[in-house]
Amino acid sequence: MLCILAKALMGAGLLFITTDPLKQKHSSWKNNGTSRCFFLNMLRFGKINKQISNTNVFEHAGEFYSIAENHEPQEINIVTLETLHDWDVNGAWNRPFSSHPKKAPGTGELVIMGINATKPFVEVGVISADGKKLLHRADLKLNRCSLCHEIGVTERYNVFMDHPLSIDLNRLVCGGQLVKYEKEGDARIGIMPRYGDEDSIQWFKVKPNCTFHLFNCFENGDEVVIWGCRALDSLIPGPDQGKNKFDWFSEKFRSVKSTAEGSADAVPEEQLVFPRPYEWRMNMRTGDIKERNLAGTEFPMDFPLINGDFTGVKNKYGYCQVRDCIASSASGMAKYGGLAKLYFEEQNTGFSLGENQEKGLIKVEYHMFGKNTFGTGAAFVPKEGGAEEDDGWVITFAHNEDTNISQVLVIEAKNFSSEPVAKITLPFRVPYGFHGAFAPMQLPNETMRIVPSLNPKISESISWPLASAVRPQ
């Protein structure tokens, strides 16, 4: 009734608010741009968001999809980037996916998770390896919508990060933030059998944190091990109303001084959003949990990646983007000035760009881009027939802000700190964005299959696999 009335009054230009209490509500409404946009979108389109799957891109059963938490996956033509249609698994899935679905080791099934601002808040699903059938769907029966960005998998389990970053429509209606991080809120990790339900989840309470991205999860005896990029606060949703956004982000992006052993989490209040590699070990038999930092506080690290062939099983290496604190603070936006390679089975022996380092941490090797050059969308490309996990390359987009030149950098993983083995200068600027993916293709035959009308001369000129990333405009 409220929506119908508001729609009629707005259409007639007669939406009046006169009393003092209503004036206060109107002032709150006027200052809350998110509320206004969501409300108007609902009136116009019947939903609060429309076609905004701009966070990641993934492949399943030979098809490619763009994806975001707040929209159904959309199948795309990987060559023309044309949007084909929303993917609802033949009508069996009617909500968004999280931005990082995972292929289950051994089966090739796609494990997905969907969050929603209304009940059911979180559901987990399993899609067949051929992408044609939803094999399993389970409501986790949570009492809030936890903004979980990535689901993890092991050989037998699904892994859910339930941190105190939540979406709450009631809070929004009352004039608060739609998305809010509760600093004193509980955080826990749920371990669920692949085809389990809410009653089969084993929950482990962990230190409060906000972890958007995971390197990997795997089983090690009785333990489930998780490696991710953990922060003690969230950049989302940004500053409270009335605060200067640039000043707030600039302060949050400042560098963190290295901390002494035993006080690794004792960072200043304004620097709690500093993400760093972290480990959780959950003992499924005893219920015990162990936590520790994997790397020091020299650089914030995020957007982790691994050799995808090791998803869900024990791996030795991980890679991530390294945030440039000075450039990020000066611009008020996150900028990544290099990449890091993490050696999960090797202890740090002082091989680092900085002098201050905590003890008992793992080895980290860096590949920095150079002055005023920043990268985005890194992906690992395994070498065909490679004998070891790090046989391959890390590829990334990089942009030099002094020359305004964008390039694709190809970095040999085994010689990570060396110069790239290839630099491909692009004819146009590639905007900074979120995640990237690598899609191996047999060209030109594959191109002709996807775009039969493509000029053969054009397809013949394409001789390397395609890298693709979905970026916000």
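Rules behind the numbers
- Residues numbered from 1 in each chain as written.
- Predicted model: local features only at pLDDT ≥ 70, side-chain atom pairs only at ≥ 80, totals over all residues.
- Heavy atoms only, no water.
- Helix = DSSP H or I, 4+ residues; strand = E, 2+ residues; numbered from the N terminus.
- Buried < 20%, exposed > 50% of the residue type's maximum accessible area, 1.4 Å probe, protein only.
- Contact = heavy atoms within 4.5 Å.
- Areas by Shrake-Rupley, 256 points an atom, 1.4 Å probe, with all protein chains shown as cover.
- Salt bridge = Lys/Arg side-chain N within 4 Å of Asp/Glu carboxyl O.
- Core = buried A, V, L, I, M, F, W, Y, C linked by side-chain atoms within 4.5 Å.
- UniProt positions renumbered as here; feature names shortened; annotations may be inferred.
- Phe/Tyr/Trp six-rings, centres within 6.5 Å; stacked < 30°, edge-to-face > 60°.
- Lys NZ or Arg CZ within 6 Å of the ring centre and 35° of its normal.
- Pairing = 2+ DSSP bridges.

**A word on the overall build of the protein chain**
If you tally the helices and strands in the protein chain, you get eight helices and 29 strands. Taken over 473 residues, the protein chain has a buried fraction of 50%. Contacts in the protein chain between residues far apart in sequence, at least 24 positions, make up 56% of those at least 6 positions apart. Carbon and sulfur atoms make up 51% of the accessible area of the protein chain, which amounts to about 23100 Å² in all.

**A closer look at the pattern of salt bridges**
Counted by the stated rule, this structure contains 22 salt bridges. One salt bridge in this structure joins arginine 281 and glutamate 223, with 2.9 Å as the shortest N-O distance. One end of the pair, arginine 281, is in strand S18 (residues 276–283); the other, glutamate 223, is in strand S17 (residues 223–231), and 58 residues separate them in sequence. Pair check on accessibility: arginine 281 and glutamate 223 agree, each one buried. The salt bridge involving aspartate 390 is made with lysine 341; its shortest N-O contact spans 2.9 Å. With aspartate 390 in the loop between strand S24 (373–382) and strand S25 (392–400) and lysine 341 in strand S22 (residues 336–347), this residue pair connects regions lying 49 residues apart in the sequence. Comparing aspartate 390 with lysine 341, the two get one shared label, buried. Members of the salt-bridge network, linked through shared partners, are Lys341, Glu388, Asp390, Asp391 and Lys414.

**Topic: the nonpolar core**
Ile189, Ile191 and Ile226 are the most contacted members of the largest nonpolar core, which has 42 residues in total. Here isoleucine 226 is in contact with Val159, Met161, Ile189, Leu214, Asn216, Cys217, Tyr278, Glu279, Trp280 and Met282, once residues within four sequence places are set aside. Cys229, Leu294, Val322 and Tyr366 belong to the second-largest nonpolar core, a separate cluster that totals 18 residues.

**Brief notes about helix H5 (residues 245–252)**
All buried positions along H5 are accounted for by Trp248, Ser250 and Lys252. Against helix H6 (325–331) lie the buried residues of H5.

**Topic: the UniProt feature "binding site: Fe cation" (unreviewed entry) in the protein chain**
UniProt feature "binding site: Fe cation" (unreviewed entry): in the numbering of this structure it lies at His100, His149, His213 and His435. Spanning 336 residues, the annotated positions come together in the fold, the maximum distance between their C-alpha atoms being 12.4 Å. Tracing the backbone shows histidine 100 in the loop between strand S4 (83–86) and strand S5 (102–103). Judged by relative accessible area, which is 10%, histidine 100 ranks as buried. When sequence neighbours within four positions are dropped, the list of residues in contact with histidine 100 reads Asn56, His149, Glu150, Ile151, His213 and His435. Looking at histidine 213, the relative accessible area reads 5%, which means it is buried.

**As for the packing of aromatic side chains**
Summed over the entire model, instances satisfying the criterion amount to 15 aromatic pairs. Between phenylalanine 160 and tryptophan 203 the ring centres are 6.2 Å apart and the planes differ by 80°, which places this aromatic pair in the edge-to-face class. With a gap of 43 residues between them, phenylalanine 160 in strand S11 (residues 157–162) and tryptophan 203 in strand S15 (residues 202–206) connect regions that are remote in the sequence. For the pair phenylalanine 215 and phenylalanine 344, a centre-to-centre distance of 5.6 Å together with 80° between the ring planes defines the contact as edge-to-face. Of this pair, phenylalanine 215 sits in strand S16 (residues 210–220) while phenylalanine 344 sits in strand S22; the two residues are 129 residues apart in sequence, bridging distant segments of the chain. Side by side, phenylalanine 215 and phenylalanine 344 carry an identical accessibility label, which is buried. An aromatic cluster is present here, built from Phe58, Tyr65, Trp87, Trp93 and Phe97 joined pairwise through their rings. Taking the ring centre of tyrosine 317 as reference, the NZ or CZ of lysine 341 above it sits at 4.7 Å. Positioned over the ring face of tyrosine 343 is lysine 363, at 4.3 Å from the centre of the ring.

**Some details on the pairing of S25**
Here S25 lies mainly inside the structure; seven of its nine residues are buried. The pairing of S24 with S25 spans eight bridges and is classified as antiparallel. Counted as the bridge partner of threonine 373 is asparagine 400 from S25. Here eight bridges tie S25 to strand S26 (residues 405–412), and the two strands are oriented antiparallel to one another. Paired with histidine 399 across the bridge in S26 is serine 406. Counting the residues in the hairpin turn of S25 and S26 gives four residues, including asparagine 404, whose phi is positive at 60°.

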